[in-house]
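What follows is the residue order along each chain.
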Amino acid sequence: MIDGTAGVSGRRDADEALLDNPQALAEADPGGMLRHTASAGAQVRESAALAAEANLAVLADDGRPRAVVIAGIGTAGRTGDVLATVAGPRCPVPIIGHRSAGVPGWVGAADVVIAVSASGRSPEALGAAEAAHRRGARLVAVGAPDSQLQSIAEQARAPFIPVPRRAPARASLWALTVPVLLAARSLGLVKVNEADLAETAARLDADADRCRSAAESFVNPAKSLALALAGSIPIVWGSSPLATVAARRFGDTLSANARYPVVTGALGEAGRGRVGLLDGVFGGLAEGERDIFADPAEDDGEGTRLRLVLLRDGGLNAEDDTDEPLAVEERRADAVQTLAERRGVRCDVVTAEGGSALERLASLIAVPDFASIYLALAHGLDPMAVPAITEMKELSNQ
Ligand SMILES: O=P(O)(O)OC[C@H]1O[C@](O)(CO)[C@@H](O)[C@@H]1O
(Lines give C-alpha, C1' and ligand atoms only; values in the text may rest on other atoms or scores of the structure.)
Protein backbone atom coordinates (compact mmCIF):
# COMPACT_ATOMS: atom_id res chain seq x y z
CA MET A 1 0.00 0.00 0.00
CA ILE A 2 1.14 3.54 -0.73
CA ASP A 3 0.36 6.29 1.78
CA GLY A 4 -0.64 9.06 -0.52
CA THR A 5 -0.91 12.70 0.33
CA ALA A 6 -4.06 13.96 2.07
CA GLY A 7 -4.53 10.79 4.11
CA VAL A 8 -5.60 8.57 1.22
CA SER A 9 -3.80 5.25 0.92
CA GLY A 10 -4.07 2.71 -1.85
CA ARG A 11 -2.08 0.46 -4.14
CA ARG A 12 -0.74 1.36 -7.57
CA ASP A 13 -1.61 -2.01 -9.08
CA ALA A 14 -5.03 -3.57 -8.75
CA ASP A 15 -5.13 -6.62 -6.48
CA GLU A 16 -7.01 -9.15 -8.56
CA ALA A 17 -7.17 -11.79 -5.83
CA LEU A 18 -8.88 -9.40 -3.42
CA LEU A 19 -11.94 -9.25 -5.67
CA ASP A 20 -12.55 -12.94 -5.11
CA ASN A 21 -12.31 -12.70 -1.34
CA PRO A 22 -15.73 -11.53 -0.04
CA GLN A 23 -14.43 -10.99 3.48
CA ALA A 24 -11.55 -8.81 2.31
CA LEU A 25 -14.01 -6.91 0.12
CA ALA A 26 -16.27 -6.23 3.09
CA GLU A 27 -13.32 -4.98 5.14
CA ALA A 28 -12.15 -2.74 2.30
CA ASP A 29 -15.62 -1.21 2.02
CA PRO A 30 -16.41 -0.03 5.56
CA GLY A 31 -19.08 2.41 4.43
CA GLY A 32 -20.94 -0.29 2.53
CA MET A 33 -20.88 1.19 -0.99
CA LEU A 34 -21.52 -2.27 -2.46
CA ARG A 35 -24.57 -2.64 -0.22
CA HIS A 36 -25.87 0.85 -1.05
CA THR A 37 -25.42 0.18 -4.75
CA ALA A 38 -27.26 -3.12 -4.45
CA SER A 39 -30.26 -1.20 -3.10
CA ALA A 40 -30.93 0.42 -6.50
CA GLY A 41 -34.03 -1.70 -7.18
CA ALA A 42 -35.36 -1.03 -3.68
CA GLN A 43 -34.73 2.69 -4.23
CA VAL A 44 -36.96 2.65 -7.31
CA ARG A 45 -39.83 1.02 -5.38
CA GLU A 46 -39.42 3.18 -2.29
CA SER A 47 -39.24 6.44 -4.23
CA ALA A 48 -42.26 5.50 -6.34
CA ALA A 49 -44.21 4.95 -3.11
CA LEU A 50 -43.01 8.23 -1.60
CA ALA A 51 -43.82 10.15 -4.76
CA ALA A 52 -47.32 8.66 -4.75
CA GLU A 53 -47.87 10.28 -1.34
CA ALA A 54 -46.83 13.74 -2.57
CA ASN A 55 -49.45 15.78 -4.31
CA LEU A 56 -47.86 15.80 -7.74
CA ALA A 57 -51.25 16.11 -9.46
CA VAL A 58 -51.33 19.85 -8.60
CA LEU A 59 -48.54 20.34 -11.11
CA ALA A 60 -50.96 19.68 -13.92
CA ASP A 61 -53.44 22.34 -12.75
CA ASP A 62 -51.87 25.06 -14.88
CA GLY A 63 -51.52 22.83 -17.93
CA ARG A 64 -48.46 22.05 -19.97
CA PRO A 65 -45.44 24.18 -19.00
CA ARG A 66 -43.33 26.14 -21.46
CA ALA A 67 -40.16 24.41 -20.20
CA VAL A 68 -38.96 22.19 -17.39
CA VAL A 69 -35.71 22.99 -15.59
CA ILE A 70 -34.02 20.30 -13.49
CA ALA A 71 -31.78 22.09 -11.01
CA GLY A 72 -29.08 20.31 -9.04
CA ILE A 73 -25.43 19.36 -9.13
CA GLY A 74 -23.55 16.07 -9.36
CA THR A 75 -25.77 13.02 -9.12
CA ALA A 76 -28.80 15.24 -8.55
CA GLY A 77 -28.04 16.95 -11.85
CA ARG A 78 -27.82 13.59 -13.65
CA THR A 79 -31.51 13.04 -12.92
CA GLY A 80 -32.25 15.78 -15.45
CA ASP A 81 -30.25 13.90 -18.10
CA VAL A 82 -32.24 10.76 -17.30
CA LEU A 83 -35.52 12.64 -17.60
CA ALA A 84 -34.52 14.19 -20.92
CA THR A 85 -33.56 10.84 -22.44
CA VAL A 86 -36.61 8.98 -21.10
CA ALA A 87 -38.88 11.77 -22.41
CA GLY A 88 -37.12 11.40 -25.76
CA PRO A 89 -36.81 13.73 -28.73
CA ARG A 90 -40.57 13.84 -29.24
CA CYS A 91 -41.15 15.51 -25.87
CA PRO A 92 -43.22 18.62 -26.64
CA VAL A 93 -41.50 20.71 -23.96
CA PRO A 94 -37.78 21.46 -23.57
CA ILE A 95 -36.17 19.75 -20.58
CA ILE A 96 -33.15 21.69 -19.41
CA GLY A 97 -30.56 20.73 -16.82
CA HIS A 98 -29.23 23.62 -14.75
CA ARG A 99 -26.13 23.01 -12.65
CA SER A 100 -25.42 26.34 -10.98
CA ALA A 101 -27.28 28.32 -8.32
CA GLY A 102 -30.42 30.12 -9.40
CA VAL A 103 -32.32 29.45 -12.60
CA PRO A 104 -31.80 30.59 -16.20
CA GLY A 105 -32.84 34.23 -16.74
CA TRP A 106 -35.85 33.36 -18.89
CA VAL A 107 -37.58 31.17 -16.24
CA GLY A 108 -40.97 32.55 -15.23
CA ALA A 109 -44.53 31.66 -14.35
CA ALA A 110 -45.00 29.49 -17.44
CA ASP A 111 -42.22 27.08 -16.40
CA VAL A 112 -41.65 24.24 -13.96
CA VAL A 113 -38.49 23.93 -11.86
CA ILE A 114 -37.60 20.60 -10.27
CA ALA A 115 -34.95 21.21 -7.61
CA VAL A 116 -33.04 18.07 -6.62
CA SER A 117 -30.51 17.57 -3.83
CA ALA A 118 -29.73 14.35 -1.96
CA SER A 119 -28.62 16.29 1.13
CA GLY A 120 -31.32 18.89 0.63
CA ARG A 121 -28.74 21.63 1.06
CA SER A 122 -26.64 22.13 -2.07
CA PRO A 123 -26.43 25.85 -2.85
CA GLU A 124 -27.32 25.03 -6.46
CA ALA A 125 -30.65 23.35 -5.64
CA LEU A 126 -31.54 25.77 -2.84
CA GLY A 127 -30.76 28.78 -5.02
CA ALA A 128 -32.89 27.34 -7.82
CA ALA A 129 -35.83 26.57 -5.54
CA GLU A 130 -35.80 30.09 -4.10
CA ALA A 131 -35.47 31.72 -7.51
CA ALA A 132 -38.29 29.58 -8.93
CA HIS A 133 -40.58 30.59 -6.08
CA ARG A 134 -39.66 34.27 -6.46
CA ARG A 135 -40.42 34.21 -10.15
CA GLY A 136 -43.73 32.42 -9.77
CA ALA A 137 -42.62 29.25 -11.57
CA ARG A 138 -44.20 25.97 -10.51
CA LEU A 139 -41.75 24.23 -8.15
CA VAL A 140 -41.19 20.59 -7.16
CA ALA A 141 -38.44 19.64 -4.74
CA VAL A 142 -36.77 16.26 -4.25
CA GLY A 143 -34.29 15.55 -1.46
CA ALA A 144 -33.54 14.72 2.15
CA PRO A 145 -36.43 14.96 4.60
CA ASP A 146 -36.29 17.80 7.16
CA SER A 147 -33.79 19.69 5.03
CA GLN A 148 -33.52 23.32 3.96
CA LEU A 149 -34.88 22.26 0.59
CA GLN A 150 -38.00 20.91 2.27
CA SER A 151 -38.47 24.24 4.12
CA ILE A 152 -38.26 26.21 0.89
CA ALA A 153 -40.76 23.86 -0.75
CA GLU A 154 -43.12 24.27 2.20
CA GLN A 155 -42.86 28.07 2.07
CA ALA A 156 -43.64 27.91 -1.62
CA ARG A 157 -46.46 25.40 -1.02
CA ALA A 158 -44.77 23.19 -3.55
CA PRO A 159 -44.79 19.38 -3.65
CA PHE A 160 -41.79 17.88 -1.86
CA ILE A 161 -40.71 14.26 -2.27
CA PRO A 162 -38.55 13.11 0.64
CA VAL A 163 -35.66 10.86 -0.33
CA PRO A 164 -34.16 9.06 2.67
CA ARG A 165 -30.54 10.09 3.07
CA ARG A 166 -27.85 7.72 1.87
CA ALA A 167 -24.33 9.04 1.89
CA PRO A 168 -22.82 9.67 -0.55
CA ALA A 169 -25.29 11.17 -3.02
CA ARG A 170 -23.97 9.07 -5.92
CA ALA A 171 -25.40 5.98 -4.17
CA SER A 172 -28.88 7.55 -4.46
CA LEU A 173 -29.21 7.96 -8.22
CA TRP A 174 -32.36 5.82 -8.45
CA ALA A 175 -34.00 7.25 -5.35
CA LEU A 176 -33.57 10.77 -6.77
CA THR A 177 -34.48 9.91 -10.35
CA VAL A 178 -37.87 8.26 -9.85
CA PRO A 179 -39.59 11.31 -8.24
CA VAL A 180 -38.26 13.50 -11.07
CA LEU A 181 -39.74 11.12 -13.64
CA LEU A 182 -43.05 10.94 -11.81
CA ALA A 183 -43.27 14.73 -11.54
CA ALA A 184 -42.74 14.90 -15.32
CA ARG A 185 -45.36 12.20 -15.78
CA SER A 186 -47.88 14.34 -13.89
CA LEU A 187 -47.15 17.07 -16.43
CA GLY A 188 -47.82 14.64 -19.27
CA LEU A 189 -44.21 14.71 -20.50
CA VAL A 190 -43.13 11.08 -20.03
CA LYS A 191 -44.95 7.81 -20.37
CA VAL A 192 -43.28 5.88 -17.53
CA ASN A 193 -45.90 3.51 -16.10
CA GLU A 194 -46.06 1.23 -13.06
CA ALA A 195 -44.94 -1.80 -15.08
CA ASP A 196 -41.88 0.10 -16.36
CA LEU A 197 -40.93 0.98 -12.79
CA ALA A 198 -41.46 -2.59 -11.57
CA GLU A 199 -39.44 -4.05 -14.45
CA THR A 200 -36.66 -1.51 -13.95
CA ALA A 201 -36.49 -2.35 -10.24
CA ALA A 202 -36.42 -6.07 -11.06
CA ARG A 203 -33.63 -5.52 -13.61
CA LEU A 204 -31.58 -3.59 -11.03
CA ASP A 205 -32.15 -6.38 -8.49
CA ALA A 206 -31.05 -9.04 -10.98
CA ASP A 207 -27.92 -7.09 -11.91
CA ALA A 208 -27.10 -6.54 -8.24
CA ASP A 209 -27.32 -10.28 -7.78
CA ARG A 210 -24.98 -10.96 -10.74
CA CYS A 211 -22.56 -8.37 -9.38
CA ARG A 212 -22.68 -9.47 -5.70
CA SER A 213 -19.38 -9.75 -3.86
CA ALA A 214 -19.74 -13.52 -3.44
CA ALA A 215 -19.92 -14.05 -7.23
CA GLU A 216 -16.41 -14.69 -8.55
CA SER A 217 -14.77 -12.59 -11.24
CA PHE A 218 -15.31 -15.05 -14.06
CA VAL A 219 -19.10 -14.98 -13.60
CA ASN A 220 -19.38 -11.46 -12.20
CA PRO A 221 -19.64 -8.88 -15.03
CA ALA A 222 -18.73 -5.95 -12.76
CA LYS A 223 -15.59 -7.61 -11.39
CA SER A 224 -14.46 -8.58 -14.88
CA LEU A 225 -15.10 -5.06 -16.18
CA ALA A 226 -13.14 -3.60 -13.24
CA LEU A 227 -10.20 -5.91 -13.94
CA ALA A 228 -10.32 -5.10 -17.64
CA LEU A 229 -10.10 -1.39 -16.84
CA ALA A 230 -7.42 -1.70 -14.16
CA GLY A 231 -4.36 0.37 -15.04
CA SER A 232 -5.93 1.84 -18.18
CA ILE A 233 -7.40 5.19 -19.13
CA PRO A 234 -11.05 4.31 -19.78
CA ILE A 235 -12.89 5.89 -22.70
CA VAL A 236 -16.63 5.38 -22.33
CA TRP A 237 -18.82 6.15 -25.31
CA GLY A 238 -22.57 5.71 -25.62
CA SER A 239 -24.04 4.59 -28.94
CA SER A 240 -27.29 6.56 -28.48
CA PRO A 241 -28.47 9.54 -26.37
CA LEU A 242 -29.75 7.05 -23.76
CA ALA A 243 -26.48 5.12 -23.69
CA THR A 244 -24.59 8.41 -23.44
CA VAL A 245 -26.38 9.23 -20.17
CA ALA A 246 -25.11 5.89 -18.86
CA ALA A 247 -21.62 6.67 -20.20
CA ARG A 248 -21.52 9.97 -18.34
CA ARG A 249 -22.74 8.28 -15.17
CA PHE A 250 -19.88 5.77 -15.52
CA GLY A 251 -17.54 8.74 -15.79
CA ASP A 252 -18.93 10.11 -12.51
CA THR A 253 -18.51 6.85 -10.62
CA LEU A 254 -15.11 5.93 -12.10
CA SER A 255 -13.80 9.33 -11.04
CA ALA A 256 -15.39 9.56 -7.60
CA ASN A 257 -15.24 5.91 -6.50
CA ALA A 258 -12.14 4.55 -8.27
CA ARG A 259 -10.38 7.91 -8.78
CA TYR A 260 -9.68 7.08 -12.43
CA PRO A 261 -9.32 9.70 -15.15
CA VAL A 262 -11.91 8.98 -17.79
CA VAL A 263 -13.16 10.32 -21.09
CA THR A 264 -16.91 9.99 -21.66
CA GLY A 265 -19.33 11.09 -24.32
CA ALA A 266 -21.63 10.35 -27.23
CA LEU A 267 -20.18 8.16 -29.93
CA GLY A 268 -21.83 10.29 -32.62
CA GLU A 269 -19.90 13.33 -31.44
CA ALA A 270 -16.72 11.40 -30.60
CA GLY A 271 -16.68 9.88 -34.07
CA ARG A 272 -16.08 13.36 -35.51
CA GLY A 273 -13.16 14.24 -33.23
CA ARG A 274 -12.21 12.38 -30.09
CA VAL A 275 -12.03 9.08 -31.89
CA GLY A 276 -8.56 10.30 -32.89
CA LEU A 277 -7.49 9.35 -29.33
CA LEU A 278 -7.35 5.76 -30.50
CA ASP A 279 -4.32 6.64 -32.66
CA GLY A 280 -2.27 8.45 -30.03
CA VAL A 281 0.42 7.58 -27.52
CA PHE A 282 -2.09 5.93 -25.20
CA GLY A 283 -3.79 4.15 -28.09
CA GLY A 284 -2.48 2.66 -31.31
CA LEU A 285 1.06 4.04 -30.84
CA ALA A 286 1.40 2.41 -27.43
CA GLU A 287 -0.14 -0.84 -28.61
CA GLY A 288 2.24 -0.91 -31.58
CA GLU A 289 5.28 -1.07 -29.36
CA ARG A 290 3.83 -3.38 -26.71
CA ASP A 291 6.30 -6.08 -25.71
CA ILE A 292 4.16 -9.18 -25.50
CA PHE A 293 6.82 -10.92 -23.36
CA ALA A 294 7.06 -8.10 -20.79
CA ASP A 295 6.13 -8.90 -17.19
CA PRO A 296 2.95 -6.90 -16.43
CA ALA A 297 4.06 -6.74 -12.76
CA GLU A 298 7.03 -4.64 -13.83
CA ASP A 299 4.92 -2.17 -15.69
CA ASP A 300 6.07 1.21 -14.37
CA GLY A 301 3.08 3.12 -15.62
CA GLU A 302 4.67 4.02 -18.93
CA GLY A 303 2.56 1.32 -20.47
CA THR A 304 -0.71 3.08 -19.63
CA ARG A 305 -3.19 2.29 -22.38
CA LEU A 306 -6.63 3.39 -23.37
CA ARG A 307 -9.42 0.92 -22.84
CA LEU A 308 -12.64 1.51 -24.71
CA VAL A 309 -15.98 0.77 -23.08
CA LEU A 310 -18.80 0.92 -25.56
CA LEU A 311 -22.32 1.18 -24.15
CA ARG A 312 -24.66 0.01 -26.89
CA ASP A 313 -28.36 0.71 -26.84
CA GLY A 314 -29.06 -2.61 -28.46
CA GLY A 315 -31.32 -1.31 -31.18
CA LEU A 316 -34.48 -1.84 -29.17
CA ASN A 317 -35.82 1.70 -29.46
CA ALA A 318 -39.04 2.23 -31.36
CA GLU A 319 -38.04 3.81 -34.67
CA ASP A 320 -40.09 6.96 -34.12
CA ASP A 321 -38.57 7.50 -30.70
CA THR A 322 -35.02 8.24 -31.72
CA ASP A 323 -33.13 11.27 -32.97
CA GLU A 324 -31.36 9.21 -35.55
CA PRO A 325 -32.21 6.01 -37.39
CA LEU A 326 -31.13 3.04 -35.30
CA ALA A 327 -29.23 1.61 -38.21
CA VAL A 328 -26.92 4.65 -38.14
CA GLU A 329 -26.23 4.22 -34.42
CA GLU A 330 -25.59 0.53 -34.86
CA ARG A 331 -23.25 1.04 -37.83
CA ARG A 332 -21.31 3.64 -35.88
CA ALA A 333 -20.96 1.32 -32.90
CA ASP A 334 -19.74 -1.51 -35.15
CA ALA A 335 -17.32 0.92 -36.81
CA VAL A 336 -15.67 2.06 -33.59
CA GLN A 337 -15.24 -1.54 -32.47
CA THR A 338 -13.48 -2.30 -35.78
CA LEU A 339 -11.36 0.83 -35.43
CA ALA A 340 -10.28 -0.17 -31.91
CA GLU A 341 -9.53 -3.71 -33.02
CA ARG A 342 -7.37 -2.50 -35.92
CA ARG A 343 -5.30 -0.45 -33.50
CA GLY A 344 -5.04 -3.14 -30.85
CA VAL A 345 -7.05 -1.05 -28.35
CA ARG A 346 -9.07 -3.39 -26.16
CA CYS A 347 -12.81 -2.80 -26.06
CA ASP A 348 -15.53 -3.93 -23.66
CA VAL A 349 -19.14 -3.76 -24.74
CA VAL A 350 -22.20 -3.49 -22.51
CA THR A 351 -25.45 -3.93 -24.42
CA ALA A 352 -28.76 -2.62 -23.12
CA GLU A 353 -31.55 -5.03 -22.32
CA GLY A 354 -35.20 -4.55 -21.48
CA GLY A 355 -38.31 -3.06 -23.00
CA SER A 356 -38.76 0.49 -21.69
CA ALA A 357 -36.21 3.28 -22.00
CA LEU A 358 -35.88 3.35 -18.21
CA GLU A 359 -35.15 -0.34 -17.94
CA ARG A 360 -32.63 -0.18 -20.78
CA LEU A 361 -30.90 2.72 -19.07
CA ALA A 362 -30.81 0.76 -15.80
CA SER A 363 -29.23 -2.18 -17.62
CA LEU A 364 -26.43 0.10 -18.84
CA ILE A 365 -25.82 1.73 -15.46
CA ALA A 366 -25.99 -1.17 -12.99
CA VAL A 367 -22.92 -3.20 -13.95
CA PRO A 368 -20.66 -0.14 -14.49
CA ASP A 369 -21.76 1.26 -11.09
CA PHE A 370 -20.53 -1.92 -9.41
CA ALA A 371 -17.41 -2.05 -11.60
CA SER A 372 -16.34 1.40 -10.36
CA ILE A 373 -16.57 0.17 -6.78
CA TYR A 374 -14.68 -3.07 -7.43
CA LEU A 375 -11.98 -1.07 -9.20
CA ALA A 376 -11.62 1.19 -6.14
CA LEU A 377 -11.47 -1.82 -3.82
CA ALA A 378 -8.88 -3.59 -6.00
CA HIS A 379 -6.67 -0.51 -5.58
CA GLY A 380 -7.24 -0.48 -1.81
CA LEU A 381 -9.28 2.73 -2.01
CA ASP A 382 -12.36 3.27 0.12
CA PRO A 383 -14.96 4.01 -2.58
CA MET A 384 -17.05 6.04 -0.18
CA ALA A 385 -14.58 8.50 1.31
CA VAL A 386 -13.43 11.16 -1.13
CA PRO A 387 -11.46 13.69 0.95
CA ALA A 388 -10.79 15.81 -2.15
CA ILE A 389 -14.51 16.63 -2.40
CA THR A 390 -14.71 17.63 1.26
CA GLU A 391 -11.52 19.68 0.96
CA MET A 392 -12.83 21.36 -2.17
CA LYS A 393 -16.00 22.34 -0.32
CA GLU A 394 -13.96 23.75 2.57
CA LEU A 395 -11.55 25.65 0.36
CA SER A 396 -14.28 27.12 -1.79
CA ASN A 397 -16.40 27.82 1.28
CA GLN A 398 -19.45 25.88 -0.02
O1 LIG B 1 -27.29 15.97 -4.01
P2 LIG B 1 -26.61 17.01 -3.17
O3 LIG B 1 -26.62 16.68 -1.73
O4 LIG B 1 -27.16 18.35 -3.48
O5 LIG B 1 -25.10 17.04 -3.59
C6 LIG B 1 -24.71 17.39 -4.88
C7 LIG B 1 -23.36 16.83 -5.18
O8 LIG B 1 -22.44 17.37 -4.26
C9 LIG B 1 -21.60 16.34 -3.77
O10 LIG B 1 -22.01 16.01 -2.47
C11 LIG B 1 -20.18 16.80 -3.77
O12 LIG B 1 -20.06 18.01 -3.08
C13 LIG B 1 -21.82 15.17 -4.71
O14 LIG B 1 -21.47 13.96 -4.16
C15 LIG B 1 -23.27 15.33 -5.02
O16 LIG B 1 -23.69 14.63 -6.17
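Each value, and the rule that gives it
Residues numbered from 1 in each chain as written. Predicted model: local features only at pLDDT ≥ 70, side-chain atom pairs only at ≥ 80, totals over all residues. Heavy atoms only, no water. Core = buried A, V, L, I, M, F, W, Y, C linked by side-chain atoms within 4.5 Å. Buried < 20%, exposed > 50% of the residue type's maximum accessible area, 1.4 Å probe, protein only. Helix = DSSP H or I, 4+ residues; strand = E, 2+ residues; numbered from the N terminus. Contact = heavy atoms within 4.5 Å. Pairing = 2+ DSSP bridges. Axes fitted to C-alpha atoms, helices over the stretch in contact; angles between N-to-C directions. 1 Å grid on protein atoms, 1.4 Å probe; cavity = no way out; pocket = protein on both sides within 12 Å on 5 of 7 lines; lining within 4 Å. Points joined across faces, edges and corners; volume = space filled by probe spheres on them. Nonpolar A, V, L, I, M, F, W, Y, C, P; charged D, E, K, R; others polar. Domains from an automatic or database assignment. Near = heavy atom within 4 Å. Polar contact = N/O pair within 3.5 Å; in protein donor to acceptor, adjacent residues only side chain to side chain. Areas by Shrake-Rupley, 256 points an atom, 1.4 Å probe, with all protein chains shown as cover. Expected span 1.5 Å × (residues − 1). Parallel < 35°, antiparallel > 145°, perpendicular 65-115°, else oblique. Left-handed = near helix turned anticlockwise from the far one by under 90°.

Things to note about the nonpolar core
No. 1: L56, V68, I114, W174, L311 and Y374 are the most contacted members of the largest nonpolar core, which totals 86 residues.
No. 2: Per-element tally for this core: the top contributor is helix α14 (residues 357–378), with 15 residues.
No. 3: Residues in contact with W174, not counting those within four places in the same chain, are A40, Q43, V44, S47, T200, L204, L358, A362 and I365.
No. 4: Membership of the second largest hydrophobic core comes to 20 residues, among which are A131, A132, L149 and A158.

What about the sheet that holds strand β4 (residues 95–98)?
No. 1: Read from one edge of the open sheet, five strands run β4-β3-β5-β6-β7, paired in parallel fashion. Of all the strands in the sheet, the pair left with one neighbour each is β4 and β7 (160–162). When the angles between neighbouring strand axes are averaged without regard to direction, this sheet yields 15°.
No. 2: Of the strand pairs in this sheet, strand β6 (residues 138–143) and β7 are connected by three bridges, and their pairing is parallel. Each bridged residue has a counterpart across the sheet, and for V142 the counterpart in β7 is I161.
No. 3: Its contacts with the sheet place helix α5 (residues 123–134) against β3 (68–71), β5 (112–117) and β6, and it is angled at close to 155° to β5.

A look at empty space enclosed by the protein
Gaps between atoms show up when a probe of the same size as a water molecule is rolled over them.
No. 1: Scanning the model with the defined rule gives two cavities of 30 Å³ or more in all.
No. 2: For the largest cavity, the calculated volume is near 110 Å³.
No. 3: Lining the largest cavity are 14 residues, with T37, A40, W174, R249 and D369 positioned closest to its centre.
No. 4: Per-element tally for the lining of the largest cavity: the top contributor is α14, with four residues.
No. 5: Of the residues contributing to the lining of the largest cavity, the split by class is eight nonpolar, three polar and three charged.
No. 6: Of the domains in this structure, domain 1 (2–20 + 216–389) and domain 2 (37–196) are the two that each give at least three residues to the lining of the largest cavity.
No. 7: Each pocket or cavity is described by its volume, and for the second largest cavity that value is around 40 Å³.
No. 8: Where the lining of the second largest cavity is concerned, the elements lending two or more residues are α2 (33–38), α10 (241–256) and α14.

As for the sheet that holds strand β11 (residues 347–351)
No. 1: Taken in spatial order, the four strands of this open sheet run β9-β8-β10-β11, and their pairing is parallel. Looking at strand neighbours, the two that pair on one side only are β9 (263–266) and β11, the edges of this open sheet. Averaged over all adjacent pairs, the angle separating strand axes in this sheet is 15°, with direction ignored.
No. 2: Bridge count between strand β8 (residues 233–238) and β9: four bridges; the pairing is parallel. Directly across from G238, in β9, lies its bridge partner A266.

Focus: unusual backbone geometry
No. 1: Positive phi, normally seen in glycine, also occurs at R157, with a value near 50°.
No. 2: For R157, the location among the structural elements is in the loop between α6 (148–155) and β7.
No. 3: A relative accessible area of 78% means that R157 is categorised as exposed.
No. 4: Positive phi outside glycine occurs at R259, with the angle close to 55°.
No. 5: By the secondary structure assignment, R259 is in the loop between α10 and β9.

Some remarks on the site of the ligand
No. 1: Neighbouring the ligand are the residues I73, G74, T75, A76, S117, A118, S119, S122, A169, I389 and K393.
No. 2: S122 has a polar side-chain atom sitting 3.3 Å from an oxygen atom of the ligand.
No. 3: Burial of the ligand by the surrounding chains reaches 81%, relative to a free accessible area of 390 Å².
No. 4: Looking at the shell around the ligand, the elements that each hand over two or more residues are α4 (75–87) and α15 (387–395).
No. 5: For the shell around the ligand, the class distribution of residues is five nonpolar, five polar and one charged.

Topic: α14
Note on helix geometry: an α-helix contains 3.6 residues per turn, so any two residues three or four positions apart are oriented the same way.
No. 1: The end-to-end C-alpha separation of α14 is 32 Å, in line with the 32 Å expected for 22 residues at 1.5 Å each.
No. 2: Judged by how many residues are buried, α14 sits mostly within the fold: 21 of 22 residues are covered.
No. 3: Within two residues after α14, G380 carries a phi angle of roughly 75°, on the positive side.

Remarks on the packing of α10 against α14
No. 1: Contact geometry of α10 with α14 gives a least axis separation of 9 Å together with a crossing angle of 20°. In this view, α10 runs roughly parallel relative to α14, as classed from their interaxial angle. Crossing hand, α10 versus α14: right-handed. In this structure, α10 uses L242, A243, V245, A246, R249, F250, T253 and L254 to contact α14, whose residues at the interface are A357, R360, L361, L364, I365, P368, D369, A371, S372 and L375.
No. 2: Looking at side-chain class alone, the contact of α10 with α14 contains 13 nonpolar, two polar and three charged residues.

So yeah, pure geometry; function would need other evidence.
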